[in-house]
Amino acid sequence: MTLTGAEIVVRCLQEEGVEYVFGYPGGAVLFIYDELFKQDKVKHVLVRHEQGAAHAADGYSRASDKVGVCLVTSGPGVTNAVTGIATAYMDSIPMVVLTGQVPTHAIGLDAFQEVDTVGITRPCVKHNILVKNVKDLAISIKKAFYLAKTGRPGPVLVDIPKDVTAASCEFEYPESVAMRSYSPVRKGHAGQIKKAAQLLLEAKRPMIYTGGGVVLSDAAPLLAEFVRLLGFPCTSTLMGLGGYPATDPLFLGMLGMHGTYQANMAMQHCDVLLAVGARFDDRVIGNPAHFAQNPRKIIHVDIDPSSISKRVKVDVPIVGHVPDVLLELIKLVQAAPQRPDPTALKAWWAQIELWRSKDCLRYDRASKIIKPQFVIEKLYEVTGGDAFVTSDVGQHQMWAAQFYKFDKPKRWINSGGLGTMGFGLPAAMGVQLANPGATVVCVTGESSIQMCLQELSTCKQYRLPIKIVNLNNKYMGMVRQWQEFFHGNRYSESYMDALPDFVKLAEGYGHRGVLVDKPADVEPALRDAFRRKDELVFMDFVTDPTENVYPMVPGGKGISEMILAEEL
Amino acid sequence: MSDRHIISILVENEAGALSRIAGLFSARAYNIESLTVAPTEDASMSRMTIVTTGSEDVIEQITKQLNKLVEVVKVVDLSEAEHIERELMLIKVRAGAKEREDMKRMADIFRGRVIDVSDNTYTIELTGDGSKLDAFIQALDQGAILETVRTGASGIGRGNRILRV
Ligand SMILES: Cc1ncc(C[n+]2csc(CCOP(=O)(O)OP(=O)(O)O)c2C)c(N)n1
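Here the structure is a predicted model, which is why all the values come from computation and not from measurement.

What follows covers the interface of chain A and chain B. At the interface, 17 residues of chain A touch 18 residues of chain B. With both chains or domains summed, chain A and chain B bury close to 1,500 Å², and 44% of this area falls on carbon and sulfur atoms. Inspection of the region where chain A meets chain B yields five salt bridges. Between aspartate 304 of chain A and lysine 68 of chain B there is a salt bridge, and its shortest N-O distance comes to 2.7 Å. Each residue belonging to the side of chain A that touches chain B can be placed in one class, and the counts come to five nonpolar, five polar and seven charged.

All names here are of chain A. Around the ligand lies a shell of 17 residues, among which Gln395, His396, Gly419, Ser448 and Gly477 are the nearest. Separating a nitrogen atom of the ligand from a backbone N or O atom of methionine 421 is a distance of 3.4 Å. If you list the elements that add at least two residues to the shell around the ligand, you get helix H17 (395-403) and helix H20 (477-486). For the shell around the ligand, the element with the highest residue contribution is H20, accounting for three residues. Partitioning the shell around the ligand into residue classes produces seven nonpolar, nine polar and one charged.

In a structure, side chains of opposite charge can pair up when their charged atoms sit close to one another. Scanning all chains against the criterion turns up 50 salt bridges over all chains. Measuring nitrogen to oxygen at the nearest pair gives 4.0 Å for the salt bridge that ties glutamate 19 of chain A to lysine 66 of chain A. Placement of the pair is glutamate 19 of chain A in the loop between helix H1 (5-15) and strand S2 (20-23) and lysine 66 of chain A in the loop between helix H3 (50-62) and strand S4 (68-72), with a sequence separation of 47 residues. Through salt bridges with shared partners, a single ionic network connects Lys313 of chain A together with Asp57, Glu60 and Lys64 of chain B.

All names here are of chain A. Core analysis: the biggest nonpolar cluster contains 102 residues, and Phe226, Val469 and Phe541 have the highest contact counts within it. Not counting chain neighbours up to four residues away, the residues in contact with valine 469 comprise Val375, Leu379, Val441, Cys442, Val443, Thr444, Leu526, Met539 and Phe541. Judged by nonpolar contacts, the second largest core, of 47 residues, contains Val97, Ile413, Leu433 and Phe538.

Now for the pairing of strand S5 (residues 95-101) of chain A. All names here are of chain A. Counted residue by residue, S5 has seven buried out of seven residues, so it is predominantly covered. Burial along S5 is two-sided: Met95, Val97, Thr99 and Gln101 and Val96, Leu98 and Gly100, pointing in opposite directions, are all buried. Where S4 lies against S5, five bridges are found, and the strand directions are parallel. Within S5, the residue paired with valine 69 across the bridge is valine 96. Remark: the S4/helix H4 (residues 76-90)/S5 crossover connection has right-handed handedness. With seven bridges connecting them, S5 and strand S7 (residues 155-161) associate as parallel partners. Note that in S7 the partner of valine 97 across the bridge is leucine 157.

Here we take up unusual backbone geometry. Residues and elements named next belong to chain A. With omega at -10°, the peptide bond leading from tyrosine 550 into proline 551 counts as cis. The phi dihedral of lysine 474 is positive, around 65°, even though this residue is not glycine. Along the chain, lysine 474 turns up in the loop between strand S18 (467-472) and H20. Accessibility expressed as a relative area gives 34% for lysine 474, which makes it partly exposed. Non-glycine residue glutamate 493 carries a positive phi angle of around 60°. Note that glutamate 493 resides in the loop between H20 and helix H21 (502-508). A relative accessible area of 70% means that glutamate 493 is categorised as exposed.

Moving on: the state of the cysteines. Residues and elements named next belong to chain A. Under the definition given, this model contains zero disulfides over all chains. In this structure cysteine 270 is not part of a disulfide, and its nearest cysteine sulfur, from cysteine 234, lies 12 Å away. The cysteine cysteine 452 is free of any disulfide, with cysteine 442 supplying the nearest cysteine sulfur at 10 Å.

Moving on, we come to the packing of aromatic side chains. The description of an aromatic ring pair rests on the distance of the ring centres and on the angle between the ring planes. Residues and elements named next belong to chain A. Enumeration over the complete set of coordinates arrives at 21 aromatic pairs over all chains. Consider the rings of tyrosine 363 and phenylalanine 403, whose centres lie 5.8 Å apart with planes at 80°: the pair is edge-to-face. Placement of the pair is tyrosine 363 in the loop between helix H15 (342-356) and helix H16 (372-382) and phenylalanine 403 in helix H17, with a sequence separation of 40 residues. The class for tyrosine 363 is buried, based on a relative accessible area of 8%. With a relative accessible area of 6%, phenylalanine 403 lands in the buried category. Plain terms: the ring middles of phenylalanine 485 and phenylalanine 486 are 5.8 Å apart, the flat faces sit at 90° to each other, and that makes the pair edge-to-face. Its relative accessible area of 19% is what places phenylalanine 485 among the buried residues. A relative accessible area of 34% means that phenylalanine 486 is categorised as partly exposed. Taken together, the ring pairs connect Tyr380, Tyr404, Phe406 and Trp412 into an aromatic cluster. Above the plane of the ring of tyrosine 261 lies lysine 358, whose end atom (NZ or CZ) is 5.1 Å from the centre. Taking the ring centre of phenylalanine 388 as reference, the NZ or CZ of arginine 411 above it sits at 4.2 Å.

Moving on to helix H1 (residues 17-27) of chain B. Because an α-helix packs 3.6 residues into every turn, residues spaced three or four apart end up facing the same way. Every buried residue of H1 of chain B is accounted for by Ala17, Arg20, Ile21, Leu24 and Phe25 of chain B. Taken down its axis, H1 of chain B places every buried residue within 135° of arc, on the same side. H1 of chain B presents Ser26 and Ala27 of chain B as exposed residues on the side facing more than 90 degrees away from its buried surface. Those residues of H1 of chain B that are buried lie in contact with strand S6 (127-130) of chain A together with strand S1 (3-12), strand S3 (45-54), helix H2 (56-68) and strand S4 (72-77) of chain B. With its phi angle positive at about 60°, alanine 29 of chain B sits one or two positions after the end of H1 of chain B.

Our focus in this paragraph is the environment of phenylalanine 171 of chain A. Residues and elements named next belong to chain A. Locating phenylalanine 171 in the fold gives a position in the loop between strand S8 (168-170) and helix H8 (190-202). In the structure, phenylalanine 171 is positioned 168 residues away from leucine 3 in sequence and 6.1 Å away in space, judged by C-alpha atoms. In this structure phenylalanine 171 touches Met1, Leu3, Ile8, Arg11, Cys12 and Ala138, once residues within four positions along its chain are discounted.

What follows deals with the layout of surface pockets. The probe, sized like a water molecule, is rolled over the atoms to show the empty space still left. Quantified by volume, the second largest pocket comes out at close to 1,200 Å³. Listed by contribution, the elements that provide at least two residues to the lining of the second largest pocket are H4 of chain A together with H1, H2 and S4 of chain B. Top contributing element to the lining of the second largest pocket by residue count: H1 of chain B, with five residues.

With that settled, consider the domain arrangement of chain B. Reports often express the size of an interface as the amount of accessible area lost when the parts come together. Residue and element names in this part refer to chain B. Along its sequence, chain B is organised into domain 1 (4-81) and domain 2 (84-154). Relative placement of domain 1 and domain 2: their C-alpha centres are 29 Å apart. Counting from both sides, the interface comprises seven residues of domain 1 and, opposite them, five residues of domain 2. Between domain 1 and domain 2 lies a buried interface of about 420 Å² when both sides are counted; carbon and sulfur atoms form 49% of it.

Residues and elements named next belong to chain A. Taken in spatial order, the six strands line up as S11-S10-S9-S12-S13-S14 in an open sheet, and their pairing is parallel. Taken across any chain shown, the strands that pair with only one partner, and hence form the sheet edges, are strand S11 (251-254) and strand S14 (316-319). Adjacent strand axes in the sheet meet at a mean angle of 15°, parallel and antiparallel pairs treated alike.

Criteria and cut-off values
- Residues numbered from 1 in each chain as written.
- Chains lettered and ligands numbered in written order.
- Predicted model: local features only at pLDDT ≥ 70, side-chain atom pairs only at ≥ 80, totals over all residues.
- Heavy atoms only, no water.
- Contact = heavy atoms within 4.5 Å.
- Buried area = accessible area lost by both parts, 1.4 Å probe.
- Salt bridge = Lys/Arg side-chain N within 4 Å of Asp/Glu carboxyl O.
- Nonpolar A, V, L, I, M, F, W, Y, C, P; charged D, E, K, R; others polar.
- Near = heavy atom within 4 Å.
- Polar contact = N/O pair within 3.5 Å; in protein donor to acceptor, adjacent residues only side chain to side chain.
- Helix = DSSP H or I, 4+ residues; strand = E, 2+ residues; numbered from the N terminus.
- Core = buried A, V, L, I, M, F, W, Y, C linked by side-chain atoms within 4.5 Å.
- Buried < 20%, exposed > 50% of the residue type's maximum accessible area, 1.4 Å probe, protein only.
- Pairing = 2+ DSSP bridges.
- Right-handed = clockwise from strand over helix to strand, strands pointing away.
- Disulfide = S-S within 2.5 Å.
- Phe/Tyr/Trp six-rings, centres within 6.5 Å; stacked < 30°, edge-to-face > 60°.
- Lys NZ or Arg CZ within 6 Å of the ring centre and 35° of its normal.
- Arc of directions from axis to C-beta.
- 1 Å grid on protein atoms, 1.4 Å probe; cavity = no way out; pocket = protein on both sides within 12 Å on 5 of 7 lines; lining within 4 Å.
- Points joined across faces, edges and corners; volume = space filled by probe spheres on them.
- Domains from an automatic or database assignment.
- Axes fitted to C-alpha atoms, helices over the stretch in contact; angles between N-to-C directions.

Here it is in structure tokens:
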């Protein structure tokens, strides 16, 4: 069957079972939009800015087991999307980005709306392909989906010149792709796994540290089985939240720069550390030299060999697909004659409970001004802990991570690696479309929300009943906190003057807006909002502008060198 | 401890593969001393030789990061075992009537060949490892050197050490 390039693009998306494409039209993609118009299998979601398209596709991926797709035009369409692509890349989110390009004969001539898309995006994609011949189009799109979701996932971009979408060729969608240069491993090395099991069984002060890899690889049930089998303490990174049930007593809370006292202390003082799908990020282990001061054996399971021994030297590297490796570990531990030393483990847990009793997330519950932590606690209660929660970047993000106890994976959707303000709202759109009927909340700040605010219009068009929890402290709170701690209280450009009236703003977009300025009104406002199943409600909470996120590991310090609330 | 390593890469002969690899080195602040690339006997694949310096940890990251690139088929750190390394230099020198004799003799000593002649210049071709080429340059009267061009090192394992798919 002979098809045009534009027809091929749409057929490929249909073959891949794509339900939604998040995009924005323009000259270079007009043929593709024309084909989208002629069919109704693939639905298009028209965002208001290409950054929103990329974040929405990304959010869609994070909250489902599908690959999010976005489609943008050449030049400014691409440059606007770059922030969203880089955000997905840093968090290893599978995503396919289709970009229009000027016609092949015009490439390199500084044509109207030409940018070197492949060049600009190269460092922030897993792979990208410029399709110069319509004959290569179908296989390139097939490869894009395959690469995006296999191995360590990531965004893959296919750049399609306009004349390629107009040209025709014989179409057949390839069943599979084989690439001699790409073959991700699955099974871990049996000998290494055996060594790991042995080390864990002999541990006196064990610790399990899990990351986004657990969530991405759907390993949560196996992780829970493994942790419970051993009765070991477990912590998780910002990206890994929900990978292990937060309400389980074996869970010590999040670790890292704003991790709990018990998680960070246990991390520093353990004698055997199992890292699963995590990468010893600078926000997680702080100063690596300080971390290395305490001797411990480290086992590291990850799909990406380059994540292993990058910042921290490990003793037992295991490259493999996390669920496969966990399954092997479970079998070995079950079959082993010995159990972890019960006396040692008891003493270790006693120590951990002592750390836990510091109650490091304590805050002033009697405050007359709304405390942001209180809003998140109430949000958790009112939603029964069962919402999909997206966030932006800043203090509100950390409070959401600390106070909303995620028991399930793929419920906590945030930009951990790139830390992109503006992510929350468009990501929530993708999450809501991937989970129609589910409760979706966007926890944000008055500064972050203004970065992709225009998407309120998209929410109206597609009737997305997202609940926006705006923790309005009138400051770029996280910036203000750093300025308070490390820059002598000089609040350089972190005050958000001339804030809009968010209630009117929401109403202007056709949504409901509410202002909440008293602690007693927090819960009723939330209850009312979540009763409105079909409406987007923008809740503007006037919160304490001076509140800080604790604990905090200052940059360059060791993970156990935390600033705690009580010390101030 | 920062050592010199010579890394061989088999890579799909596709547009953009070279910039992907060069980009990786600059983005991650790895050193490149030299980089050479050309298609292999199988035209669908190119062979690249990169000379770099770095600690053991850095070199480990370099090989892992290279392997991670989708178009890279194989990566070998040749310096891990016996290998041979060669570089080609073309050097244009002043060779008027007075200097001709001397210049020719010097080229002979280094097993170079004069491959182009004009009234007052010689162009000499020389291969060897980098230090030999350096030595030749040192041995010449610096004022006589008009132009040099070097390819950067190419490397291959000794004996039965073979890099192919
Ligand atoms: C696009 C972008 N620009 C700048 C920053 C740096 N930054 C990190 S947190 C923050 C302040 C966020 O303020 P707000 O959204 O009000 O949240 P709060 O910290 O007050 O909860 C800034 C500016 C960023 N993360 N992303």
